[in-house]
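# Results of the structural survey
Each chain, written out:
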Amino acid sequence: MLRAAGDDAPDSARSRGRTASRGLPWRRVAWTLAVLSLLLVLLSLALPPALGLPYDDYDHWLRDFLDVGREGNVPTWWSSSLHLVAAGVLTVVALVHRQAGRGTGAAWAFFALLHLAFSADEATLIHDRARRLTTLVAPDHPFGDGYAWLGVGIPLGIAVLVAAVLAARGLPALSRRLVLQGLGVFFLGAVGFEILHAAVDPYLEVGFTWVAIYHVEELLEMWGVVIVLAGAMTGVRYRPAGPTVVLEPTAGS
């Protein structure tokens, strides 16, 4: 059973006798998820030569099931799940901080809602539908039909990053650094490498280089979420309290 530290409100005597709190194993979790993400991306990249397929052949059922550039398959589920797990952990951290009377609860809740939205977007491809808005507002946009969503994605990404920097100001130093680094890595993949792909697409045939670019893009997105999740885990500490485990806000928040 889990409780927030504010639920028991121990007096000074009880506080002196209680078990010292410990940090969550965020490094172990982050490394595990990062390696699993890397293996999934490498498997996707290795499939065409392993199956004897040219890189522009997406008809084989196994490639369609495992390629990170396709939608509605295992990599999509994995990416969406990473965002969802991050949103869940961020929500718990927000509740712990709020229960303890810390002013940072709202900031943690902001990041939780952000990753909940990212998870929904990953599962439903809302951002791909933004290409219609780009085409409507700027018919002569420079991105090409396959990348038109960048007309919305670039300003939206900048706005999210600015809001994130402002929201993270009161977080503990390590938490703030990891959360902002994670979002930076995520947007480097989601927007930065998408811009790169749009720039080289007219000059490249669908071969190893073309496919490798979107594999790096997807890997950076996954790793970015993992880093944010690690940052969320540094936002609380835990200590045994009889049959329960009490979560406490990390000092400095």
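### Digging into the confidence of the model for the protein chain
For the protein chain, per-residue confidence averages 88 on the pLDDT scale, and 87% of positions sit at 70 or higher. Least confident of the elements in the protein chain is helix 1 (residues 12–17), whose mean pLDDT is 44; most confident is helix 2 (residues 26–51), at 97. Contacts from residues 7–16, a stretch scored under 50 in pLDDT, to residues over four places away or in other chains number eight contacts.

### Thoughts on the pattern of salt bridges
Inspection of every chain in the model, using the stated rule, returns three salt bridges. One salt bridge in this structure joins Arg63 and Asp67, with 3.3 Å as the shortest N-O distance. Given a relative accessible area of 0%, Asp67 falls into the buried group. The salt bridge involving Arg239 is made with Glu248; its shortest N-O contact spans 2.5 Å. According to the relative accessible area criterion, Arg239 is buried, its value standing at 3%.

### Some thoughts on the packing of aromatic side chains
Here the distance between the centres and the angle between the planes together describe a pair of aromatic rings. If you walk through the whole model with that rule in mind, you get seven aromatic pairs. For the ring pair Trp210 and Tyr214, a centre distance of 5.7 Å and an interplane angle of 85° mean the geometry is edge-to-face. In this pair, Trp210 and Tyr214 are both assigned in helix 9 (residues 208–233), four residues apart and thus about one turn of the helix distant. Pair check on accessibility: Trp210 and Tyr214 agree, each one buried. Pairwise contacts between aromatic rings join Phe118, Phe186 and Phe187 into one cluster. Taking NZ or CZ as reference, Arg63 lies 3.9 Å from the ring centre of Tyr58, over its face.

### A look at the nonpolar core
Residues Trp108, Phe111 and Leu183 are the most contacted members of the largest nonpolar core, which totals 53 residues. Broken down by secondary-structure element, the contributors of at least two residues to this core are helix 2, helix 4 (74–99), helix 5 (105–124), helix 7 (150–167), helix 8 (173–200) and helix 9. Residues in contact with Phe111, not counting those within four places in the same chain, are Leu90, Ala164, Ala167, Ala168, Leu171, Val179 and Leu183.

Conventions adopted
Residues numbered from 1 in each chain as written. Predicted model: local features only at pLDDT ≥ 70, side-chain atom pairs only at ≥ 80, totals over all residues. Heavy atoms only, no water. pLDDT = per-residue confidence, 0-100. Helix = DSSP H or I, 4+ residues; strand = E, 2+ residues; numbered from the N terminus. Contact = heavy atoms within 4.5 Å. Salt bridge = Lys/Arg side-chain N within 4 Å of Asp/Glu carboxyl O. Buried < 20%, exposed > 50% of the residue type's maximum accessible area, 1.4 Å probe, protein only. Phe/Tyr/Trp six-rings, centres within 6.5 Å; stacked < 30°, edge-to-face > 60°. Lys NZ or Arg CZ within 6 Å of the ring centre and 35° of its normal. Core = buried A, V, L, I, M, F, W, Y, C linked by side-chain atoms within 4.5 Å.

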